[in-house]
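Spelled out, the chains give:
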Amino acid sequence: VDPDPKEQYKYKYFQHLVFSFCLPRGIGTWYMRKYMKSAIQTGITIPCLVAEARDNRQYFDSVQAYCYFYFLKAAIFGTKEKLRQLLAGTRFEELDGMPIMFIDAAKGWHTLDPVRYYTPQFKKFIQERNYCKWVSFDCYHWIQDPKIGLPQKLNDTVYEFIQN
């Protein structure tokens, strides 16, 4: 996540997801879906909600927010070593030799300036290795949504990376 304190407001949704995970599952799922539906009012398209409406079934569940809870729990209550283990930027030696393709949806969210889910050091790490690939698409975060993303370009890029 972008380390600039002025940019942290963009990641407020992390808190909502963690909160939904900590509630009893039925209430947490209701809260999570309500929060996500409120995001639609700001112009953000959430493909999972589109699929729910199309298929007339529920896909969102508060248990999906476990990874956000796990990270925040380690950040608040864990040791420095535990938090360090969660941050890819502190584990470059372990990642060396592993093919990584990072896809940056350069426009970020609809209503916000571009968001950055990486540090400059991580980007440099990827770009310096010929077996890794850094891809920046001129689209929004929900890259698989045909209205705001580039799903075919995403599929083609991932397929090409896997083949090589």
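Keep in mind the model is a prediction, meaning the values are calculated, not measured.

Draft legend 1. Structural view of the overall build of the protein. Counting its regular elements, the protein contains eight helices and two strands. Expressed as a percentage of the 164 residues in the protein, the buried residues total 33%. Sequence-distant contacts, at least 24 apart, represent 60% of the contacts inside the protein between residues at least 6 apart. Summing over all exposed atoms, the protein offers an accessible surface of approximately 10500 Å²; the carbon and sulfur share of this is 57%.

Draft legend 2. Representation of the packing of aromatic side chains in the model. If you walk through the whole model with that rule in mind, you get twelve aromatic pairs. Ring geometry for Phe21 against Phe69: centres 4.9 Å apart, planes inclined by 35 degrees, an arrangement best described as tilted. On the criterion of sequence distance, the pair formed by Phe21 in helix α1 (residues 13-22) and Phe69 in helix α4 (residues 66-77) is long-range, its members being 48 residues apart. Considering the side-chain rings of Phe102 and Trp134, the 4.5 Å spacing of their centres and the 15 degrees angle between planes classify their relative orientation as stacked. Within this pair, whereas Phe102 is found in strand β1 (residues 101-105), its partner Trp134 is found in strand β2 (residues 133-137), the two being separated by 32 residues in sequence. Both residues of the pair, Phe102 and Trp134, belong to the buried class.

Parameters at a glance
Within every chain, residues take consecutive numbers counted from 1 along the sequence as written. It should be noted that, the model being predicted, local features are given only for residues of pLDDT at least 70 and side-chain atom pairs only at 80 or more, the latter also being counted only at that level, while totals for whole chains, interfaces and linings use all residues. To get the side-chain values, all heavy atoms of the structure are used, and hydrogens and water are removed first. Under the scheme used here, helices are H or I runs from DSSP no shorter than 4 residues and strands are E runs no shorter than 2 residues, and both carry numbers assigned from the N terminus. Working definition: with a 1.4 Å probe on protein chains only, accessible area under 20% of the residue-type maximum means buried, over 50% means exposed, and in between means partly exposed. Contacts: residue pairs with any heavy atoms within 4.5 Å of one another. For accessible areas, the Shrake-Rupley method is used with a probe of radius 1.4 Å. Any residue's cover is judged against the shown protein chains and nothing else. When the centres of two rings from Phe, Tyr and Trp lie within 6.5 Å, Trp using its six-membered ring, the rings pair. Their planes under 30 degrees apart give stacked, over 60 give edge-to-face, and anything left gives tilted.

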